[in-house]
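Summary of structural features
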Amino acid sequence: MLNYNSLSRKTIPLRLGLEEIVASASFGNSDIVLITDLSRSMNYSIESDGENGIRRNCDDPNLLSSNTARISLAQCLDKEFIDLVLNVPGNRIAIVGSFGDPGPPKKGRVNRTDFFMNDSSEVRKLIEQYNGSISAGDPAQDPYYPPTGGGCICCALNSAYKILSDHSDKITRRQFVL
């Protein structure tokens, strides 16, 4: 029923219901790996493929404008989710930002924490690194990961499951990859 050729090489919006994750995480003892797309298309505006969007902070009244860069909105959603989850004692979050090399061969790469954190402000600082043009700090000293290259969803998922297997106990903790 789906025409996969028409979907190829395009960003496809995906809507997820997160009530179960937020409800489960509200009891604590959850380990969550949050994946964010850092491919070149995240530079584009929310409603236009191929046209770069405007980078905005989360408190910008125009954040939801159609010309906002996708990465800006993704960062704000990441931060909101982080605050909700880490507001509950016992929860921990690890992050994975996935991107790929721009030319052949396309090798997927990830920026990840490799560990779980429970300090919201520390995780938020890492999310800020996804957008070098408005991040706090000194770019000469801090690593920044502006969106670049292609996407590697497989790389991100493999990294997420590696973090869970290396740093989480599925018997005593609920595990999620988002």
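Criteria and cut-off values
- Residues numbered from 1 in each chain as written.
- Predicted model: local features only at pLDDT ≥ 70, side-chain atom pairs only at ≥ 80, totals over all residues.
- Heavy atoms only, no water.
- Helix = DSSP H or I, 4+ residues; strand = E, 2+ residues; numbered from the N terminus.
- Expected span 1.5 Å × (residues − 1).
- Buried < 20%, exposed > 50% of the residue type's maximum accessible area, 1.4 Å probe, protein only.
- Axes fitted to C-alpha atoms, helices over the stretch in contact; angles between N-to-C directions.
- Parallel < 35°, antiparallel > 145°, perpendicular 65-115°, else oblique.
- Left-handed = near helix turned anticlockwise from the far one by under 90°.
- Contact = heavy atoms within 4.5 Å.
- Nonpolar A, V, L, I, M, F, W, Y, C, P; charged D, E, K, R; others polar.
- Salt bridge = Lys/Arg side-chain N within 4 Å of Asp/Glu carboxyl O.
- Core = buried A, V, L, I, M, F, W, Y, C linked by side-chain atoms within 4.5 Å.
- Pairing = 2+ DSSP bridges.
- pLDDT = per-residue confidence, 0-100.
- Disulfide = S-S within 2.5 Å.

With 17 residues, helix α3 (residues 70-86) extends 24 Å between its outermost C-alpha atoms, agreeing within 8% with the 24 Å of an ideal straight helix rising 1.5 Å per residue. Most of α3 is tucked away, with 12 of its 17 residues classed as buried. Those residues of α3 lying buried are Arg70, Ile71, Ser72, Ala74, Gln75, Cys76, Asp78, Lys79, Phe81, Ile82, Val85 and Leu86.

Looking now at the packing of α3 against helix α4 (residues 120-128). Contact geometry of α3 with α4 gives a least axis separation of 10 Å together with a crossing angle of 165°. Here α3 lies roughly antiparallel to α4, going by the angle between them. Regarding α3 and α4, the two cross each other, and that crossing is right-handed. Contact residues: α3 offers Gln75, Asp78, Lys79, Ile82, Asp83 and Leu86, while α4 offers Ser120, Val123, Arg124, Ile127 and Glu128. Residue classes in the contact of α3 with α4 are distributed as four nonpolar, two polar and five charged.

This part is about the pattern of salt bridges. Note on pairing: side chains with opposite charge can pair once their charged atoms come close. With the rule as written, the count across this model stands at eight salt bridges. For Arg92, the salt bridge is made with Asp31, and the minimal N-O distance between the two is 2.7 Å. Taken together, the residues span a long stretch of sequence, with Arg92 in strand β4 (residues 92-100) and Asp31 in strand β1 (residues 30-37) at a distance of 61 residues. A relative accessible area of 24% places Arg92 in the partly exposed class. Between Arg173 and Asp31 there is a salt bridge; the shortest N-O distance is 2.8 Å. Here Arg173, found in the loop between α5 (153-167) and β6 (174-177), pairs with Asp31, found in strand β1; they are 142 residues apart in sequence, far enough to count as distant. Across the pair, Asp31 and Arg173 agree in class, each one buried. Beyond isolated ion pairs, a larger network of salt bridges with shared partners links Asp31, Arg92 and Arg173.

For the rest of this paragraph, the subject is the nonpolar core. Looking at soluble globular proteins, one finds that nonpolar side chains tend to be buried together. Counting 19 residues, the largest nonpolar core has Ile82, Ile93 and Val123 as its most contacted members. Elements supplying a minimum of two residues to this core: β1, α3, β4 and α4. Core analysis: the second largest hydrophobic core is formed by eight residues, Val33, Phe116, Ala160 and Leu164 among them.

The next subject is the pairing of strand β3 (residues 48-52). Examined bridge by bridge, strand β2 (residues 44-45) and β3 share two bridges and lie antiparallel to one another. Among the inter-strand pairings, Tyr44 is bridged to a residue of β3, identified as Asn52.

To continue, consider the confidence of the model for the protein chain. Mean pLDDT over the protein chain: 80, with 71% of residues reaching 70 or higher. A low-confidence stretch, residues 133-142 (pLDDT under 50), is modelled with 15 contacts involving residues beyond four sequence positions or located in other chains.

Along the chain, the position of Ser159 falls in helix α5. The exposure class assigned to Ser159 is buried, which follows from its relative accessible area of 7%. In this structure, the C-alpha to C-alpha distance between Ser159 and Ile95, residues 64 residues apart in sequence, is 9.6 Å.

Turning our attention to the state of the cysteines. Enumeration over the complete set of coordinates arrives at one disulfide. Each sulfur in the disulfide pair Cys58 and Cys76 lies 2.2 Å from the other. Torsion about the S-S bond of the Cys58 and Cys76 cystine: about -105°, corresponding to left-handed handedness. Here Cys76 lies in helix α3 and Cys58 lies in the loop between β3 and α3, a separation of 18 residues in the sequence. Using a relative accessible area of 9% as the deciding quantity, one classes Cys76 as buried.

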